[in-house]
Structures are given as structure tokens and as C-alpha cells.
Amino acid sequence: MSFATDEIAEQVRTLARDFASRHIKPYIMQWDEAQTFPAETFHEMGKLGLMGVLVPEVYGGSGLNYAAYKVVIEEISKVCGSIGLSLAAHNSLCTSHILLFGKEEQKRKYLPLLASGEWIGAWGLTEASTGSDAGNMQCTAKKEGNTWILNGAKSWITHGKSSQVAVVIARTGEPGTRNNTTAFVVERGTPGFSGGKKENKLGMRASETAEMIFDNCIIPDENRLGNVGEGFKQSMQVLDGGRISIACLSVGIAKGAFEAAAKYSKERRQFGQPICNFQGIGFKIADMATEIDAAELLIMRACELKDQHKKVTREAAMAKYYASEVAVKVATEAIQIFGGNGYTKEFPVEKFYRDAKLCTIGEGTSEIQKIVIARETLNGF
Ligand code: COS
């Protein structure tokens, strides 16, 4: 396994890096303080092809592979975790669900709007009482003639208020089995569909997280994604890709924090010399660099398998678990290297620290990843 990326991925890196430095970096603290979700920034990223990285060109996307997608999420997240998170959720959850399980007409209708960034997507699996136990959801869809009537609420949804379209997974059978949920596409403006409470969060504050509420929301059967009863299994497959995204987001945050801390350790002087000369700091730098590289290697393996259309459940869970824990650790050490300065909003690392924590929770906690890794590993014996 090598760190070499192909020419296309390098071009994408330059594009994403340039966009992040000109259109994201100057505003991150302002957005963070006010919890502003900068929808316009996503429309602009759409014009550059960053909102449909994995979508084939025939549906208006960039038609790139996971290796290039990794670079996009990482470069944006190095500058701002919030924007990286929203970009990842849009690409890998809502858009990927339609790409993986939509009928041809559904793909032709929705993917060009999502890939161009004209529409921002949301994905509704989680509910207030069912986070890790996602299969136990309470939101229902009842068939009436050629329509479905949705009732219930989804919680912790990225773009729950600002999205123009959402993929929603609802119970279509009796509780207690994993074959009783179905996925639907719900457009904003459909009567009975509204955005609810917006969360006030520790980090990732410029990425909107909100409830989606369904009150006798009537959807045509043509908006059903795949077969009745497949919602949970589809979601698990979507999350295999989503977890790679969160791993990329994590490594982006870790690299952002690391680069800031490494530079600072060479500039900051104590006892008459730069603090990087002290072994206490050097050992931290060594651990941070090694763990970031290890996380990146796990991600590259998962991306390679995904690009080969192989099952990636175990490798995606490993990459997500390890990279997210590394992000928290690296951001914590970065603050330690910055000392008192790192604890203030004058320096960049406190934001990396707050943003990083989400990565060990969203799209399956570290504990859920360990369950998945253990099960998949033991299956081989
Ligand atoms: N790919 C394809 N199929 C999968 C799969 C995957 N990655 N994971 C599970 N399935 C299938 C199983 O094979 C099983 O199929 P059968 O009924 O045909 O045997 C079915 O789905 C049910 O799987 P399982 O029995 O493992 O379901 P559990 O309820 O035990 O759930 C965990 C397993 C805990 C792994 C799952 O609920 C999970 O990932 N929870 C976290 C959800 C999450 O990440 N939420 C955050 C979303 S934030 S956007």
C-alpha cells in the first residue's frame, strides 16, 4: 500500500484545498460562533463537482472513485470539520442511497439536482429513542392505495431543516424484525413534512443538525427506494460508505490540528529554544504523525475495496473507529502543545478539538464499530 495518489486525485486535492482556503477558512469562526449553516457555500461546491463526487457523469456527477472522494473530504475537513461533515453526509448518505438503490427514473430525477449542489440532501435513519438500535425505529409509513402516509420524527439529521430532499427510512411492518422498514425519497414542500428543533452543539456548529417531522405526510409509491422491507439492510450498506466518509473527515481534522501544532512547536520558544527541541513535545509529534498515517492506511484499504465493489463492512468500521479516536487524541495533544493559547479562540486548535468528538459518535459510535468489527472478524473463524 502506498501513499501515492493518481493524477486526478491530486487535481481534486488542489481544487478542494484552494476552495477551502478562499471560501471557507475566512468564515469558520463566524459560522461556528453563530451556528450558521452556509448553504450558499454548498451550492458553490456543487459548481466545482464536490457535491456529487461519486455520482457517475451520466447523472451529472463527477464520476470519481473513493480514492478521490477521500481527498475531497480530507482537504475540506483540514480547514473546517463542519463543512467536511455536511459535505460527507450529502455525498455519502442521501446521494449514495439514491445512487445505490434508486430506480433509473429516480436516479435521473434526483441525482443531477444533488450532484450540482442545487439541492442539499438529508438522510433520516436516527430517531430520539433509536440511535445505535437503528432497526427499532418508531416512525411509520402506512400504505394507502398507491401512496404511503408517514408519521413520526427523525432526530439528529444533518440538514434536517435546510435540505431540499431527504431519504427517510420508516417502519412498514410490525416491530421486532429487521425486514420491516422501507426507504422513501421525500421532497421539501411535501405537505406534512417539516423541519423541527435545531440542536445547539459542542462542535460541528456550522453543520446543521435538526429534527425532521412527518405528520400525515403523503408520498407516492414511486418515491419508494427499492423493495418494501429492505430499508434497514439498505441503510447498513449506505453506512458502510458513510463510515469511510467519517474516517476521511476524522483524518482531515487530525491533520489540520497536527499541522497547526507542529508549526507552533517550531515557533514557540521556552527556556531559550523552540519547544519542539524538548523530547516531551517531540514524542507527542511522533505519536501524532504515526497514528495519522496508520489511520490513513486503514482508510486507503477501505477505499480500495469500495472501488473494487467488494464488501467493506469490517474495513470501513475499522477505519472509522480508529481514525475518529485518533482525531480526538491528536486534537487533544495539539491543545497541549499550544498550552494556554490552545485553550483560546485566538488559535485554531480548540475548534478541531470540539469538532473531532463528533467523529467517535456520528454514523455509529466507536462501541458500535467494535461490535461490527468483532462480528465480522469472528465470522471468518
Ligand atoms: N451490509 C449488508 N447487510 C447488513 C449489514 C451490512 N453492512 N449489516 C447488517 N446487515 C444485515 C444482516 O446481514 C441482517 O440480515 P439478515 O436478517 O438477512 O440476516 C440484517 O441486516 C440485520 O442485521 P443485524 O442482525 O446485524 O442487526 P442488528 O440490529 O443486530 O444491528 C448494528 C447491528 C448494531 C451493527 C446496527 O444496528 C448498527 O449499525 N447500528 C448503528 C446505527 C448507526 O450507525 N446509527 C447512526 C446513524 S448516523 S447517520
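For the structure, check the block above.
Let me sum up the structure you'll find in this document. None of these values were measured; they are calculated from a predicted model.

**Here we look at the site of the ligand**
Then, number 1: Around the ligand, the surrounding shell holds 19 residues, and the nearest of these are Ser-132, Arg-178, Lys-233, Arg-243 and Arg-375.
Then, number 2: Here a nitrogen atom of the ligand and a side-chain polar atom of Thr-313 are 3.2 Å apart.
Then, number 3: At a separation of 3.1 Å, an oxygen atom of the ligand approaches a polar backbone atom of Gly-364.
Then, number 4: Taken by itself the ligand offers 1000 Å² of open surface, and the protein chains cover 70% of this.
Then, number 5: Of all the elements in the fold, those that place two or more residues in the shell around the ligand are helix H7 (231–267) and helix H11 (366–378).
Then, number 6: When residues of the shell around the ligand are assigned to their parent elements, the largest contribution, seven residues, is made by H7.
Then, number 7: In terms of residue class, the shell around the ligand is made up of seven nonpolar, six polar and six charged.

**Describing the packing of helix H1 (residues 7–24) against helix H4 (residues 66–79)**
Then, number 1: Closest axis-to-axis distance for the H1/H4 pair is 9 Å, and the angle between their directions is 25 degrees. In terms of their interaxial angle, H1 and H4 are classed as roughly parallel. In terms of crossing hand, the pair formed by H1 and H4 is right-handed. The segment H1 lies against H4, with Ala-9, Val-12, Arg-13, Ala-16, Arg-17, Ala-20 and Ile-24 engaging Ala-68, Val-71, Val-72, Glu-74, Glu-75, Ile-76, Lys-78 and Val-79.
Then, number 2: Counted by class, the contact of H1 with H4 contains 10 nonpolar, no polar and five charged residues.

**A look at the layout of surface pockets**
Then, number 1: Considering only enclosed or pocket space, the largest pocket measures out at about 1300 Å³ in volume.
Then, number 2: For the largest pocket, the lining is made up of 47 residues, of which Gly-131, Ile-361, Gly-362, Glu-363 and Gly-364 are closest to its centre.
Then, number 3: Looking at the lining of the largest pocket, the elements that each hand over two or more residues are helix H5 (81–101), strand S1 (121–124), strand S3 (147–158), H7, helix H10 (349–358) and H11.
Then, number 4: With eight residues, the single largest contributor to the lining of the largest pocket is H7.
Then, number 5: Of the residues in the lining of the largest pocket, the class split is 20 nonpolar, 15 polar and 12 charged.

**Here we look at empty space enclosed by the protein**
Then, number 1: This structure, assessed with the given rule, holds one cavity of 30 Å³ or more.
Then, number 2: Considered as a void within the structure, the largest cavity measures approximately 30 Å³ in volume.
Then, number 3: The wall of the largest cavity is formed by Lys-284, Asp-287, Met-288, Glu-291, Lys-329, Val-330 and Glu-333.
Then, number 4: Going through the elements one at a time, helix H8 (279–307) and helix H9 (313–338) are the ones with two or more residues in the lining of the largest cavity.
Then, number 5: Looking at which element gives the most residues to the lining of the largest cavity, the answer is H8, with four residues.
Then, number 6: Taken together, the residues of the lining of the largest cavity break down into two nonpolar, no polar and five charged.

Quick notes on the rules
- Residues numbered from 1 in each chain as written.
- Predicted model: local features only at pLDDT ≥ 70, side-chain atom pairs only at ≥ 80, totals over all residues.
- Heavy atoms only, no water.
- Near = heavy atom within 4 Å.
- Polar contact = N/O pair within 3.5 Å; in protein donor to acceptor, adjacent residues only side chain to side chain.
- Areas by Shrake-Rupley, 256 points an atom, 1.4 Å probe, with all protein chains shown as cover.
- Helix = DSSP H or I, 4+ residues; strand = E, 2+ residues; numbered from the N terminus.
- Nonpolar A, V, L, I, M, F, W, Y, C, P; charged D, E, K, R; others polar.
- Axes fitted to C-alpha atoms, helices over the stretch in contact; angles between N-to-C directions.
- Parallel < 35°, antiparallel > 145°, perpendicular 65-115°, else oblique.
- Left-handed = near helix turned anticlockwise from the far one by under 90°.
- Contact = heavy atoms within 4.5 Å.
- 1 Å grid on protein atoms, 1.4 Å probe; cavity = no way out; pocket = protein on both sides within 12 Å on 5 of 7 lines; lining within 4 Å.
- Points joined across faces, edges and corners; volume = space filled by probe spheres on them.

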